[in-house]
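Here's the letter readout for the chains.
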Amino acid sequence: MRTAILVSLCATSALIAMAAEPPRPSPPLMIERPGAPAVHLSQYRGKVVALAFIFTTCSHCQDLTRLLVPLSREYALRGVQVLECAFNDDAQPNMAAFLQQFQAPFPVGWTSRAAAMAYLQRSILDTKPLYVPHMVFLDRRGIIRADYPGESDFFKDPATNIRAELEKLLKAPAK
């Protein structure tokens, strides 16, 4: 009985810790781009940022890119910046073809797996899979307000859920 209570308390603590993760300051992140200067996430302070971590070869990530293209155009004039950062092993050599195929009107590039894992506060030794796509939303001050891993229910209706996150962040007072 005592063991069951201890296990229950540990599980509850873990859930509370996961739920309490955001808000937190965004760590630095540099996204490399072919034939263009690298993007530093910090250069978008003052804007709401929707950051998607993807694999260029993932069909779910490609579907998300297709969804983000019109959303980025719709929200650009309202101060939203959409970014995509691939971190699969062959992202760099595949990037030109990915960009050609999807014609994203927002910055798309790559970083190392280690850099993506560090940004998402995951250890490279972590044995739990990191499912993609993975979306992070930052407020105008560069604070992570929401973080959705690929296995979350968020991706069951990404169009509705992305809009809801953006609207919530756009309504928040800029301090």
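Residues numbered from 1 in each chain as written. Predicted model: local features only at pLDDT ≥ 70, side-chain atom pairs only at ≥ 80, totals over all residues. Heavy atoms only, no water.

A.B. asks: Break down the nonpolar core for me, with residues and values.
C.D. replies: Membership of the largest hydrophobic core comes to 50 residues, with the highest contact counts inside it found for Leu51, Phe53, Tyr119, Met135, Phe137 and Ile162. Per element, the largest residue contribution to this core is seven residues, and it comes from strand S4 (residues 48-54). Setting aside chain neighbours within four positions, we find tyrosine 119 in contact with Ser26, Pro27, Pro28, Leu29, Leu41, Leu51, Phe53, Val136, Leu138 and Ile144. (Core = buried A, V, L, I, M, F, W, Y, C linked by side-chain atoms within 4.5 Å. Buried < 20%, exposed > 50% of the residue type's maximum accessible area, 1.4 Å probe, protein only. Helix = DSSP H or I, 4+ residues; strand = E, 2+ residues; numbered from the N terminus. Contact = heavy atoms within 4.5 Å.)

A.B. asks: Before we move on, can you summarise the state of the cysteines with the specific residues and values?
C.D. replies: As enumerated under the stated definition, the model contains zero disulfides in all. The thiol sulfur of cysteine 61 is not disulfide-bonded, and the nearest other cysteine sulfur, from cysteine 58, lies at 3.1 Å. (Disulfide = S-S within 2.5 Å.)

A.B. asks: I'd like to hear about the pairing of S4, residue by residue, with values.
C.D. replies: Extensive coverage of S4 is indicated by the burial of seven of its seven residues. Where burial is concerned, the two faces of S4 agree: the one with Val48, Ala50, Ala52 and Ile54 and the one with Val49, Leu51 and Phe53 are both buried. Two strands pair when backbone bridges link them, and S4 and strand S5 (residues 80-86) are joined in this way by seven bridges, in the parallel orientation. Each bridged residue has a counterpart across the sheet, and for phenylalanine 53 the counterpart in S5 is cysteine 85. (Pairing = 2+ DSSP bridges.)

A.B. asks: Explain the packing of aromatic side chains to me, using residue names and the numbers behind them.
C.D. replies: Applying the stated criterion to the full structure yields eight aromatic pairs. Taking 4.7 Å as the distance between ring centres and 45 degrees as the angle between the ring planes, the aromatic pair formed by phenylalanine 98 and phenylalanine 102 counts as tilted. Here phenylalanine 102 and phenylalanine 98 lie together in helix H3 (residues 91-102), a separation of four residues that amounts to about one turn. Each of the two residues, phenylalanine 98 as well as phenylalanine 102, counts as buried. Taking the centre distance of 5.9 Å and the plane angle of 65 degrees together, the rings of phenylalanine 137 and phenylalanine 154 count as edge-to-face. With phenylalanine 137 in strand S7 (residues 134-138) and phenylalanine 154 in the loop between strand S8 (143-148) and helix H5 (158-171), this pair connects stretches of sequence that are 17 residues apart. Grouping aromatic residues by their ring pairs yields a cluster made of Phe53, Phe55, Phe87 and Tyr119. (Phe/Tyr/Trp six-rings, centres within 6.5 Å; stacked < 30°, edge-to-face > 60°.)

A.B. asks: Now, about unusual backbone geometry: what can you tell me, with residues and values included?
C.D. replies: The omega angle of the peptide bond from valine 132 to proline 133 is 0 degrees, so this bond is cis rather than trans. Of note, the phi angle at glutamine 103 is positive, near 50 degrees, even though the residue is not glycine. Mapped onto the fold, glutamine 103 is located in the loop between H3 and strand S6 (108-110). The backbone of glutamine 121 sits at a positive phi, close to 60 degrees, despite the residue not being glycine. Relative to the elements of secondary structure, glutamine 121 occurs in the loop between helix H4 (113-119) and S7. The partly exposed category is assigned to glutamine 121, whose relative accessible area is 49%.

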